[in-house]
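Structure at a glance
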Amino acid sequence: MRRGVSLLCLFRLWCLAVVGGVASANVALAAGPILQVTADGTSSVRPSWSPDGTHIAFQTSQDNAYKVYTMAADGSDRRLISQGAVDDRHPTWSPDGKLLALDSGTELKREIMIVDLASGTRSQITNLAAFSSFPSWSPDGSRLAFYVYQKGTLDLWTINEDGTKPVQMTQGLGSENKSQCTFACHMAAWSPDGSRLAYSDGDQTHVFTMRSDDGTDQVKVSVDDPTGRSHFPLYLGDGRLAYVTEHINPGQSWTDIWAVTPGSTVQPTALLQDVQVQGPFEFSPDGQKLLFSSPRNGNFDIYVATLDAAGKDALKKLSSETDLSPALAAAGHPAGLSTSSQGASASTPAAVAAQPPGASAATTTSPAETGILPAGISPYVLALGGLAVVWALVEGVMIARRRTRRKGTGSDGR
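Definitions and cut-offs
Residues numbered from 1 in each chain as written. Predicted model: local features only at pLDDT ≥ 70, side-chain atom pairs only at ≥ 80, totals over all residues. Heavy atoms only, no water. Core = buried A, V, L, I, M, F, W, Y, C linked by side-chain atoms within 4.5 Å. Buried < 20%, exposed > 50% of the residue type's maximum accessible area, 1.4 Å probe, protein only. Helix = DSSP H or I, 4+ residues; strand = E, 2+ residues; numbered from the N terminus. Pairing = 2+ DSSP bridges. Salt bridge = Lys/Arg side-chain N within 4 Å of Asp/Glu carboxyl O. pLDDT = per-residue confidence, 0-100. Contact = heavy atoms within 4.5 Å.

Time to look at the nonpolar core. Counting residues in hydrophobic clusters, the biggest one holds 21 residues, and the most contacted among them are Ile34, Leu272, Phe281, Phe283, Leu290, Phe292 and Leu315. Of all the elements in the fold, those that place two or more residues in this core are strand E19 (229-235), strand E20 (241-249), strand E21 (252-260), strand E22 (269-275), strand E24 (289-294), strand E25 (301-306) and helix H2 (309-315). Listed in part, the 15 residues of the second largest apolar core include Ala145, Ala184, Met187 and Trp190.

Another aspect to go through is the sheet that holds E24. A sheet is described by the order of its strands in space; here 5 strands give the open sequence E23-E24-E25-E1-E26, paired in mixed fashion. Of all the strands in the sheet, just strand E23 (282-283) and strand E26 (323-324) have a single pairing partner and so form its edges. As judged from the 2 bridges shared by strand E1 (residues 34-36) and E26, these two strands associate in the parallel manner. Bridge pairing links leucine 35 to aspartate 323 in E26.

Further remarks concern the pattern of salt bridges. On inspection of all chains with the given rule, the structure shows 12 salt bridges. With a shortest N-O distance of 3.4 Å, arginine 211 and aspartate 214 are connected by a salt bridge. One salt-bridge network, held together by shared partners, links Asp87, Arg89, Asp103, Glu107 and Arg110.

A word on the confidence of the model for the protein. The predicted model of the protein has a mean per-residue pLDDT of 81, with 72% of residues at 70 or higher. Low pLDDT (under 50) marks residues 21-30, which in the prediction has 12 contacts with non-local residues, meaning those over four places away or in another chain. pLDDT under 50 marks residues 409-414. Its contacts with residues more than four places away, or in other chains, come to 1 contact.

Below, the structure written as structure tokens:
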């Protein structure tokens, strides 16, 4: 009897130790300063934060084209937004989080589209018969800025959200005749009050701002750096303007991110320096995380880095430790394995795929997207569940044996 009790005590202690170890492993998995939140095996790029910071929109290459998806910030709740034989790129959220603006078309002609996330309805708001790309919303959601390439020239335009009042803001921003860049590399940025637009020049070496109503009052805000290219402007929540300076030299490259106060003579403040990732970047709405795409693990995938000391240090390392997000690890996807299938478009109904990020995902997830485990269920949770079942069985057997002994004692009078 005593031996049985001792064995039971040892079993209970072992179970507690295993529970502690599993819990510690689960916490350690989520503790990395840089998390990989896609693992497509293809090319996932151009991520964009939702206004509340809970979701990310991005594009993924499929069948020689790009499709736009949304997902939770941890890589879960992945939803296909693009429907049919389309090539959608450069998604960006409306200020209220209900719409996505993107550009769609071919390698020769593209137009700006708006997708309603609740209904999946697509609306074409430009009809310029040119290459329109990289839309960006004004803070009040009433207008969009975008780039137009036509006849060897790149310019910045704006247009109302309903497709009315298109306005050409620049004249020959980038020209092939001047050997300048005529392919927009990133969207223009609206100031928090919507009065100004920030953009890169045709040489992609300086950042300017201008009035957002008529394109006048063009002011250079970046500091000249003869060793680097300054572009990818982005306004911060406090009104400062951030931009990226990329240094690419033979055998050495690095990236700095600066913040300036437009109209001030104060020198730029370094937000991040010696980063071993090229832009563009997006700061989360609370300013605590950095969103970017990178080929650091072999394919272009999307990453979220914390902006604490650990995250900033990890960003400076060319080959830093990068963890797969707990959501992808829970779905059974080691880094580099696909989280989508070739048949994703066909198996995902348009109306369901276009549901807003918070809606139920029960009918939008295909077996290829869930991996070897049910979506959203961590292997650590399954391990704990299995251990609990074993524990309950052992305890049940011991209780049954004690009851049998008691009945036997009562029947023989002892």
